[in-house]
Amino acid sequence: MNGGLSFLADERTLLGTGRRRRCHRMPGTDLCVKFYHRDDALPPDTRLTTRLTITWGRICRLANVNYREWRYLQRLKRQIPADLAAVFPEHTEPVHCPDRGWGIIETVILNADGTLPRKAADELKVQVLSNPQIGRALYDAVEQLFKRFVAHGICFFDPSNILVQWTGPETFRLRIADFEPSCRALLPGLSRINFYVRCKVRRRATRYLRRLDAILNGARHAPPVPSLQRVSILRRLALDSGLMM
Ligand SMILES: Nc1ncnc2c1ncn2[C@@H]1O[C@H](COP(=O)(O)OP(=O)(O)OP(=O)(O)O)[C@@H](O)[C@H]1O
Ligand SMILES: [Mg+2]
């Protein structure tokens, strides 16, 4: 497989980067592959806890976000309606590379014109100026999606990762290619408790929808998302459990 991943060294195949991962298009396919950044390529402001989780994830498969995403999606797709599962990449499979650890191969998500989808908040900022009706439809679609995630107890805790995929000039689908099912909670295993998951998804969704609402209604600046780093452990526990907003 290593030889087959030689395109990772070719920057032209790079689709995007996040705080932890790089995503490369697999040439000649409709797939992409994501691995953690190399240690020397992590953004300089990467937190120590992120560095430690990445190091641990390279060693331990079950701690690796790529592997966890794949495993969770396998389970999820058996449990939820097909139209809801279609929000996530159609195909995913784990891949191992000796010098990069575990990665995930998945269907690439592109707009009909071949461009990369924008995140929902960014797309909304564009649409409120050019086509407010579509902006409203986008807000409603995000709200509906969250209602379904809460109803099904889906571990999706980072709303800012919702993508808007244009399937035609005025038609779109909401898509998600980045989610962390283990939810980075203080206590391990919380993401297995349905009540906890629902409360947390609902709380995050409320906060995110407030932000989208501010964009939709022309607020110059969306309300800042409070940093979890600056809150006490007790408050963080209450926030994580959905007892506080
Ligand atoms: N399936 C996909 N199709 C198209 N582009 C993708 C796909 N998956 C990831 N990308 C691109 O790669 C970028 C990095 O991937 P991803 O967001 O999964 O990394 P991450 O490190 O988990 O991000 P974050 O810092 O937000 O947690 C994305 O922002 C997106 O531009
Ligand atoms: Mg991520």
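Because the structure is a prediction, the values reported are computed rather than measured. (Residues numbered from 1 in each chain as written. Chains lettered and ligands numbered in written order. Predicted model: local features only at pLDDT ≥ 70, side-chain atom pairs only at ≥ 80, totals over all residues. Heavy atoms only, no water.)

1. Examining the confidence of the model for the protein chain
For the protein chain, the average pLDDT comes to 88, and 85% of its residues sit at 70 or higher. Of the regions scoring below 50 in pLDDT, residues 225–229 engages in 6 contacts with residues more than four places distant in sequence or in other chains. (pLDDT = per-residue confidence, 0-100. Contact = heavy atoms within 4.5 Å.)

2. Considering helix α5 (residues 132–152)
In this model α5 runs 30 Å from its N-terminal to its C-terminal C-alpha over 21 residues, within 8% of the 30 Å that 1.5 Å per residue would give. For α5, every residue scored as buried is listed here: I134, G135, L138, Y139, V142, L145, F146, F149 and V150. One side of α5 carries all its buried residues, which in axial view fall inside an arc of 160 degrees. Of the surrounding elements, those touching the buried residues of α5 are α3 (82–85), α4 (120–130), β7 (162–166), β8 (172–176) and α6 (194–216). One or two positions beyond α5, positive phi appears at G153, with a value near 60 degrees. (Helix = DSSP H or I, 4+ residues; strand = E, 2+ residues; numbered from the N terminus. Expected span 1.5 Å × (residues − 1). Buried < 20%, exposed > 50% of the residue type's maximum accessible area, 1.4 Å probe, protein only. Arc of directions from axis to C-beta.)

3. Things to note about the layout of surface pockets
Roughly 690 Å³ of internal volume is contained in the second largest pocket. Lining of the second largest pocket is provided by 27 residues; of these, T17, G18, K34, K119 and D178 occupy positions nearest its centre. At the level of secondary structure, the elements contributing two or more residues to the lining of the second largest pocket comprise β1 (14–17), β2 (21–25), β3 (31–36), β5 (101–107) and β6 (118–119). Broken down by class, the residue content of the lining of the second largest pocket amounts to 9 nonpolar, 6 polar and 12 charged. Two domains each provide a minimum of three residues to the lining of the second largest pocket, namely domain 1 (3–107) and domain 2 (118–240). (1 Å grid on protein atoms, 1.4 Å probe; cavity = no way out; pocket = protein on both sides within 12 Å on 5 of 7 lines; lining within 4 Å. Points joined across faces, edges and corners; volume = space filled by probe spheres on them. Nonpolar A, V, L, I, M, F, W, Y, C, P; charged D, E, K, R; others polar. Domains from an automatic or database assignment.)

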